[in-house]
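These are the residues of each chain, in order.
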Amino acid sequence: MTARGLEGVIAGTTQLSSITDGVLTYRGITIDELTAHASYEEVVHLLLFGTLPTRAELDALRQRLSDYRPLPAGLLSILRGVPRDAVPIDTLRTAISALGFYEQRPSDTSREVSLDKAIRLIAQVPTIVAAIERLRRGLEPVSPPEATDTAHAFLLMLKGTAPDEVEVEAMNKILVLHADHEFNASTFAARVAAATLADMHAAVTAAVATLKGPLHGGANAAVMAMLQEIGDVEAVEPYVRAKLARKERVMGFGHRVYKHGDPRAKWLREMSRRLSERSGEPKWYQMSARMEEVMRRAKGLFPNVDFYAATVYHYLGIPSDLMTPVFATSRISGWTAHILEQYADNRLIRPRAEYTGPTSQPWVPIEERG
Ligand code: ACO
């Protein structure tokens, strides 16, 4: 019996994150605890090294991330050569692939070298995403600030002005919430690539390519586009009902694993509500809340991580087509941790397929075909 889409298949082991009875944990700590208390840098340490850092370990990691944030000049030239209308997630995928050129040991998959590459990628992906946005708007990239955490550094590099405390807190929580998620599609793609002993940048490129799709990380952009198309709270219910009647999917709802709600969504809902109050445009949150209610009544479906993330990003000034790359600025920590875990106990991932095509077919010479 094949499992369509590998649903329910245990495809390997991991010590990084788990989803058990709807509860998400990173290395055994619930996402609720981490979102309430942790900095993203603490989560990065937890994923890469297996423990919450001591003060000295955290300071050392922060310093290393800060040192690694600037981009190689060659990569910036590549980014400057990208067409202005390129889709940002495509530019990010290309940039991560190209970043591998500047590694001293590009093909080395040893723990020591791969861990260093992982920390460099975790530091550099936010710099790349901010640079992509500025360059396509005709602005110069902002140099990474020194001695700041990822949330602050990213928002500053994106906008060119220092973010306020509320924005930094929201960004930090976004980074924590999106850092890892067991064998999701992009992480699984990274592990399949890593299992061939392809290098860290190759495996992360596979992950970014997989994140792009609207059934996975591309859903946040699709949610914002949908809200903009609807435009008004009163129009939400007829829009959703018409879409469901046409058997179309409402982006940001449903999940392969969570059938009774995604534990990350409540944090994002609350952030969206709080940011909406100071935004001057509360309707995006209000429309989302209405849509959640309608979807529950009409279809018994709950919002996933991408649903309220869309409006949170919007309130932080992140344009729709940059939302999936922003997801990657956090998920890079989970991807790289999974790649390291795969290398540490590797076996090629190569399943079988059930053949459903015709059998015993004769060879027909080309003159006789038609
Ligand atoms: N809108 C409407 N109906 C839906 C939705 C949705 N968003 N999601 C699932 N359904 C329905 C399906 O039509 C199907 O109904 P049926 O049994 O009457 O035919 C049923 O729920 C089961 O759907 P499947 O596609 O079998 O569920 P699967 O586990 O394969 O899909 C997925 C999970 C891809 C996330 C799906 O819920 C979906 O397409 N959601 C919208 C896209 C989205 O938000 N993706 C982001 C997920 S989170 C992340 O990846 C970061």
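Structure report, in brief.

Conventions and cut-offs
- Here the residue numbering is sequential within each chain, running from 1 through the sequence in written order.
- Local features in this predicted model are restricted to residues of pLDDT 70 or higher, and side-chain atom pairs are both shown and tallied only at a pLDDT of 80 or more, whereas totals for entire chains, interfaces and linings draw on every residue.
- Values shown for side chains rest on all heavy atoms present in the structure; no hydrogens or waters enter the calculation.
- The definitions used throughout rest on a 1 Å grid laid over the protein atoms alone, on which a cavity is an enclosed set of points accommodating a 1.4 Å probe that cannot get out and a pocket is an open set flanked by protein within 12 Å on both sides along at least five of seven lines; lining residues are those having an atom within 4 Å of a point.
- Grid points are joined across faces, edges and corners, and a volume is the space filled by probe spheres set on the points.
- The helix count covers DSSP runs of H or I at least four residues long, the strand count covers runs of E at least two residues long, and both are numbered beginning at the N terminus.
- All residues other than Ala, Val, Leu, Ile, Met, Phe, Trp, Tyr, Cys, Pro, Asp, Glu, Lys and Arg, Gly among them, are scored as polar; the first ten of these are nonpolar and the last four charged.
- What counts as a domain boundary in this text is fixed by an automatic or database domain assignment.
- In summary, the pairing rule links any two rings of Phe, Tyr or Trp, Trp by its six-membered ring, whose centres are within 6.5 Å, and it sorts them by plane angle into stacked for under 30 degrees, edge-to-face for over 60 and tilted for everything else.
- The cut-offs for exposure are 20% and 50% of the maximum accessible area for each residue type, with area from a 1.4 Å probe on protein chains only; residues under the lower value are buried, those over the upper are exposed, and the others partly exposed.
- The rule for a charge over a ring is simple: NZ of Lys or CZ of Arg within 6 Å of the ring centre, and within 35 degrees of the ring normal.

**Let's talk about the layout of surface pockets**
- Empty space within the largest pocket amounts to approximately 1600 Å³.
- Considering the residues around the largest pocket, the lining is formed by 44 residues, among which Leu215, His255, Arg256, Val257 and Lys259 are closest to the centre.
- For the lining of the largest pocket, the leading source of residues is strand S1 (residues 17–20), giving 3 residues.
- Taken together, the residues of the lining of the largest pocket sort by class into 20 nonpolar, 13 polar and 11 charged.
- Each of domain 1 (14–213 + 321–344) and domain 2 (219–315) accounts for three or more of the residues forming the lining of the largest pocket.
- Space inside the second largest pocket adds up to approximately 450 Å³.

**Quick notes on the environment of leucine 227**
- On the secondary structure map, leucine 227 appears in helix H11 (residues 219–230).
- Spatially, the C-alpha atoms of leucine 227 and serine 66 are 37 Å apart, while their sequence positions differ by 161 residues.

**Points about the packing of aromatic side chains**
- Per the counting criterion, the structure on display carries 5 aromatic pairs.
- Considering the side-chain rings of phenylalanine 101 and tyrosine 102, the 6.3 Å spacing of their centres and the 65° angle between planes classify their relative orientation as edge-to-face.
- Assessed through its relative accessible area of 63%, phenylalanine 101 is described here as exposed.
- Its relative accessible area of 37% is what places tyrosine 102 among the partly exposed residues.
- Plain terms: the ring middles of tyrosine 285 and tyrosine 308 are 6.3 Å apart, the flat faces sit at 40° to each other, and that makes the pair tilted. Residue tyrosine 285 is found in helix H14 (residues 283–299), and its partner tyrosine 308 is found in helix H15 (residues 305–315); the two are separated by 23 residues along the sequence.
- A connected cluster of aromatic rings, assembled from ring pairs, spans Phe253, Tyr285, Phe307 and Tyr308.
- Directly above the ring of tyrosine 68 sits arginine 120, whose terminal nitrogen or CZ lies 4.9 Å from the centroid.
- Geometry around tryptophan 363 places arginine 369 over its ring, the cationic atom sitting 4.8 Å from the centre.

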